[in-house]
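An overview of the molecular structure
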Amino acid sequence: MLTVLAGLGLGLSLIVAIGAQNVFVLRQGIRREHVLAVVIVCAVSDAVLIAAGVAGLGFLLQAAPWLVVVARVAGALFLFGYGLLAARRAWRGGEVLAVDASSPAVGTGTGRSAGGTATATRSGTRLAPVLLTVLALTWLNPHVYLDTVLMLGSIAATHGEQRWLFAAGAILASVLWFTALGFGARYLGRWLRTERSWRVLDAVIAVIMVALAVSLILPVFGG
């Protein structure tokens with residue numbers, strides 16, 4: 001049990017931070033759009049990466065550091081592009097969150113019922129682009145390989161035969177975090193019922209994404 005708790009604690013310490021993946025999950029949760037699918041992809045991806053680290057993939061990264069460089073460049077380009085899209089949304093506006101108390105489904109857009117009350121309308125975003133985005137944000141992030149695979153895998157190795165219990169704790173941390181982040185974000189909806197609030201949110205997302213892109217690429221040029 002102590003080994004599982006150790007994995008749980010380390011897993012939470014690595015994953016609970018402002019990053020591209022968490023920001024995207026948060027935004028999807030606020031929009032209440034494909035939340036379950038996004039949470040599952042994030043949790044399963046983390047489970048695969050944690051298992052790979054415990055199984056020894058971290059040694060491959062140590063032997064071939066150029067793989068991390070490639071991941072840094074690809075991840076920086078993707079984050080910069082996503083940041084520009086968020087900046088464009090912030091500049092153009094047009095998104096609001098209209099909530100009808102009788103409707104559990106909330107999306108972006110505006111609508112009116114026959115009685116004139118605001119009702120929620122679903123966004124037209126399809127599932128495939130959302131899944132591709134969250135997969136890219138997860139697998140093109142070099143910090144995933146440095147933290148989840150290399151660091152967590154190395155620490156798990158110190159637990160010897162109980163390393164898979166340690167991994168189970170870390171995987172549990174990922175499941176708990178993404179579930180709470182994705183499904184808990186809907187309670188922020190009350191503050192995001194105006195176009196201005198959504199523009200501010202997208203502006204913050206744009207700044208975070210671009211800043212993360214810069215932080216990824218600087219070590220490549222700085223040696």
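Before reading on, note that the structure itself is shown above.
As a starting point, this report considers the structure included with it. (Residues numbered from 1 in each chain as written. Predicted model: local features only at pLDDT ≥ 70, side-chain atom pairs only at ≥ 80, totals over all residues. Heavy atoms only, no water.)

1. Description of the overall build of the protein
This is how the line gets drawn: Only DSSP runs of H or I reaching four residues or more are called helices, and only runs of E reaching two or more are called strands; each is numbered from the N terminus. Contacts between residues were defined by any pair of non-hydrogen atoms, one from each residue, lying within 4.5 Å. Note on areas: Shrake-Rupley with a 1.4 Å probe; residue coverage comes only from the protein chains shown.
In terms of regular secondary structure, the protein is built from nine helices and zero strands. In the protein, the succession of α and β elements from N to C terminus is α-α-α-α-α-α-α-α-α. Sequence-distant contacts, at least 24 apart, represent 78% of the contacts inside the protein between residues at least 6 apart. For the protein, the accessible surface area stands at approximately 11,500 Å², while carbon and sulfur atoms represent 70% of it.

2. Remarks on unusual backbone geometry
Unlike most non-glycine residues, Arg32 shows phi in positive territory, near 55 degrees. By the secondary structure assignment, Arg32 is in the loop between helix 2 (20-31) and helix 3 (35-55). Positive phi outside glycine occurs at His34, with the angle close to 55 degrees. Within the secondary structure, His34 is located in the loop between helix 2 and helix 3.

3. Brief notes about the nonpolar core
In plain terms, the rule: Each nonpolar core is a collection of buried residues, namely Ala, Val, Leu, Ile, Met, Phe, Trp, Tyr and Cys, held together in the definition by side-chain atoms within 4.5 Å. Burial classes: relative accessible area under 20% of the type maximum marks a residue as buried, over 50% as exposed, and values in between as partly exposed (1.4 Å probe, protein chains only).
Residues Phe24, Val38, Leu79, Ile205 and Met209 are the most contacted members of the largest nonpolar core, which totals 29 residues. Elements supplying a minimum of two residues to this core: helix 2, helix 3, helix 5 (66-92), helix 6 (127-139), helix 8 (163-184) and helix 9 (195-222). Residue contributions to this core peak at eight residues, all from helix 9. In contact with Phe24, other than residues within four places in its own chain, are Val38, Tyr82, Val130, Thr133, Val134 and Leu137. Among the nonpolar cores identified, the runner-up in size contains eight residues, and Leu10, Phe166, Ala167 and Ala170 belong to it.

4. Quick look at helix 6
Using the following cut-off: For a helix, the expected span equals 1.5 Å multiplied by the number of residues minus one.
With 13 residues, helix 6 extends 18 Å from end C-alpha to end C-alpha; this agrees with the ideal 18 Å at 1.5 Å per step. For helix 6, the full list of buried residues reads Val130, Thr133, Val134, Ala136, Leu137 and Thr138.

5. Description of a nonpolar patch on the surface
Cut-off, in case you're wondering: Without a salt bridge and with relative accessible area above 30%, a residue can belong to a patch; like charges are then joined within 9 Å and nonpolar side chains (Val, Leu, Ile, Met, Phe, Trp, Tyr) within 5 Å. The term salt bridge refers to a side-chain nitrogen of Lys or Arg lying within 4 Å of a carboxyl oxygen of Asp or Glu.
Taken together, the side chains of Leu36, Ile40, Val44 and Val48 present a nonpolar region at the surface, about 350 Å² in accessible area. By the element assignment, Leu36 lies in helix 3.

6. Considerations on the side chain of Gln21
Formally: As used in this structure description, the phrase polar contact means that two N or O atoms lie within 3.5 Å; if the pair is within protein, one of them must be able to donate a hydrogen and the other to accept it, and residues adjacent in sequence are counted only when both atoms belong to side chains.
Relative to the helices and strands, Gln21 is located in helix 2. Within polar-contact distance, the side chain of Gln21 engages the side chain of Thr138 at 2.7 Å. Not counting residues up to four positions away in its chain, the partners in contact with Gln21 are Cys42, Leu137, Thr138 and Phe178.

7. A look at the environment of Tyr187
Summarising the element assignment, Tyr187 is placed in the loop between helix 8 and helix 9. When its relative accessible area of 55% is taken as the criterion, Tyr187 is described as exposed.

8. Some points on the pattern of salt bridges
Going through the model one piece at a time under the given rule, you end up with three salt bridges. Between Asp202 and Arg27 there is a salt bridge, with its nearest N and O atoms 3.0 Å apart. Of this pair, Asp202 sits in helix 9 while Arg27 is found in helix 2, placing the two residues 175 residues apart along the sequence. Each of the two residues, Asp202 as well as Arg27, counts as buried. Residues joined by salt bridges that share partners form a network here, namely Arg27, Arg89 and Asp202.

9. Points about the packing of helix 2 against helix 6
Under the convention used in this document: Here an angle of 0 to 180 degrees is reported between the N-to-C directions of two axes, which are lines fitted to C-alpha atoms, with helices fitted over the stretch in contact. By definition in this entry, angles of less than 35 degrees are roughly parallel, angles greater than 145 are roughly antiparallel, angles of 65 to 115 are roughly perpendicular, and the rest are oblique. If you view the pair so one helix is near and one far, a crossing is left-handed when the near helix is turned anticlockwise from the far one by less than a right angle, and right-handed when it is turned clockwise.
Where helix 2 meets helix 6, the axes come as close as 8 Å, and the angle between the chain directions of the two elements is 155 degrees. One way to sum up the angle between helix 2 and helix 6 is to call them roughly antiparallel. The two elements helix 2 and helix 6 meet at a crossing, and its hand is left-handed. Listed contacts from helix 6 to Ala20, Gln21, Phe24 and Gln28 of helix 2 are Val130, Thr133, Val134, Leu137 and Thr138.

10. Details of the environment of Met1
With respect to the helices and strands, the residue Met1 is situated in the segment before helix 1 (2-15). Residue Met1 is classed as exposed on the basis of its relative accessible area of 73%. Separated by 165 residues in the primary sequence, Met1 and Phe166 have C-alpha atoms spaced 9.2 Å apart.

11. Observations regarding the environment of Gly182
Within the secondary structure, Gly182 is located in helix 8. Sequence-wise, Gly182 and Val25 are 157 residues apart; in three dimensions their C-alpha atoms are separated by 5.7 Å. Once residues lying within four places of it in the same chain are set aside, the contact partners of Gly182 are Val25, Gly29, Val35 and Val39.

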